[in-house]
Amino acid sequence: MSVKLVILGLLMEGEKHPYEIQQIVNERHMKHYIKLAAGSLYYAFEQLEKQGYVEVVDVVRDSNRPDKTIYRITEKGKQHFEQLLLEQLQKHEHIHRSIYAGLSFAAYADEEKVSAVLKQRLHETKQQLEKLKLIFEQKRPNEYVTKLYVLKGVIMHLETEIEWLEQLINIANNKKLKEKGGSL
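In this text the structure is predicted, and so the values were computed from the model without any measurement.

Chemist: What is the right way to read the pattern of salt bridges from this model?
Modeler: Where side chains of opposite charge bring their charged atoms close, a pairing between them can arise. Enumeration according to the criterion identifies 13 salt bridges in this entry. For the salt bridge of Arg72 with Glu15, the shortest nitrogen-to-oxygen distance reads 3.4 Å. Of this pair, Arg72 sits in strand β2 (residues 65-73) while Glu15 sits in the loop between α1 (3-11) and α2 (18-27); the two residues are 57 residues apart in sequence, bridging distant segments of the chain. Taking the shortest distance from any N to any O, the salt bridge between Arg97 and Glu161 comes out at 2.8 Å. Within this pair, whereas Arg97 is found in the loop between α4 (75-90) and α5 (98-103), its partner Glu161 is found in helix α7 (residues 145-173), the two being separated by 64 residues in sequence. The exposure class assigned to Arg97 is partly exposed, which follows from its relative accessible area of 30%. Each member of the salt-bridge network shares a partner with another, and the members are Glu13, Arg28, Glu143 and Lys147.

Chemist: Can you help me understand α2 in this one?
Modeler: Side chains three or four residues apart in an α-helix point the same way, a direct result of the helix having 3.6 residues per turn. For α2, the complete set of buried residues consists of Pro18, Ile21, Ile24 and Val25. Seen along its axis, α2 keeps its buried residues to an arc of 115°; they face one direction. Turning to α2, the residues buried within the fold contact α1, α3 (38-50) and β2. Just beyond α2, the residue with positive phi is His29, at close to 60°.

Chemist: Can you walk me through the nonpolar core in this structure?
Modeler: As a rule of thumb, nonpolar side chains are buried together in soluble globular proteins. Ranked by internal contacts, the top residues of the largest apolar core, which has 22 residues, are Ile7, Leu8, Leu11 and Phe45. With residues near it in sequence (within four places) discarded, Phe45 still touches Ile7, Leu11, Pro18, Ile21, Val54 and Tyr71. Leu118, Ile155, Ile169 and Ala172 belong to the second largest nonpolar core, which has 19 residues in total.

Chemist: How should I be thinking about the domain arrangement of the protein in this particular structure?
Modeler: By a widely used convention, the size of an interface equals the accessible area lost when the partners come together. Looking at the protein, the domain boundaries give domain 1 (3-90) and domain 2 (98-174). The interface is formed by six residues belonging to domain 1 together with nine residues belonging to domain 2. Overall, the association of domain 1 and domain 2 removes approximately 630 Å² of surface from exposure, summing both partners, and the carbon and sulfur fraction of that is 63%. Per-residue buried area on domain 1 facing domain 2 is highest for His29, His32 and Tyr33; these three make up 74% of the total on that side.

Conventions and cut-offs
Residues numbered from 1 in each chain as written. Predicted model: local features only at pLDDT ≥ 70, side-chain atom pairs only at ≥ 80, totals over all residues. Heavy atoms only, no water. Salt bridge = Lys/Arg side-chain N within 4 Å of Asp/Glu carboxyl O. Helix = DSSP H or I, 4+ residues; strand = E, 2+ residues; numbered from the N terminus. Buried < 20%, exposed > 50% of the residue type's maximum accessible area, 1.4 Å probe, protein only. Arc of directions from axis to C-beta. Contact = heavy atoms within 4.5 Å. Core = buried A, V, L, I, M, F, W, Y, C linked by side-chain atoms within 4.5 Å. Domains from an automatic or database assignment. Buried area = accessible area lost by both parts, 1.4 Å probe.

Structure follows, in structure tokens:
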């Protein structure tokens, strides 16, 4: 996910400073589907300003805290936002997940240990699923449908992952990790 898209998208909602963007990402639980490091956020703001996509509206000075630079999106930024949005919607991604690398060699490991790790992952995935379902229900009455569908997509992926993990645990418990072909 483009950091610039996140920044410009949130600025479409109104003027904000970088720390506020970071807070909104956390409050909206966007961290479940967007990677956003604080350092990259400030750098991206600088780049967007240099390119004329955002502009400084105000600098709030407080003697006890660092200055807060408030930004807004420009007309040029709105056009760039839409371009980034459409590019993101068209983007096809390869699925790279660390569990896939591990599973590629699981036949060479102790099946009980593999099963134990998968059970822990299953437990954590179920917890994450319940948390996101709760967030979905809380946001449902007042959120844009497209944002709800992002959460729904993540929920559906987690539900599928739970089913998949349960099957893998069954295979490990039945000492079938070393089987070839198998019945999928």
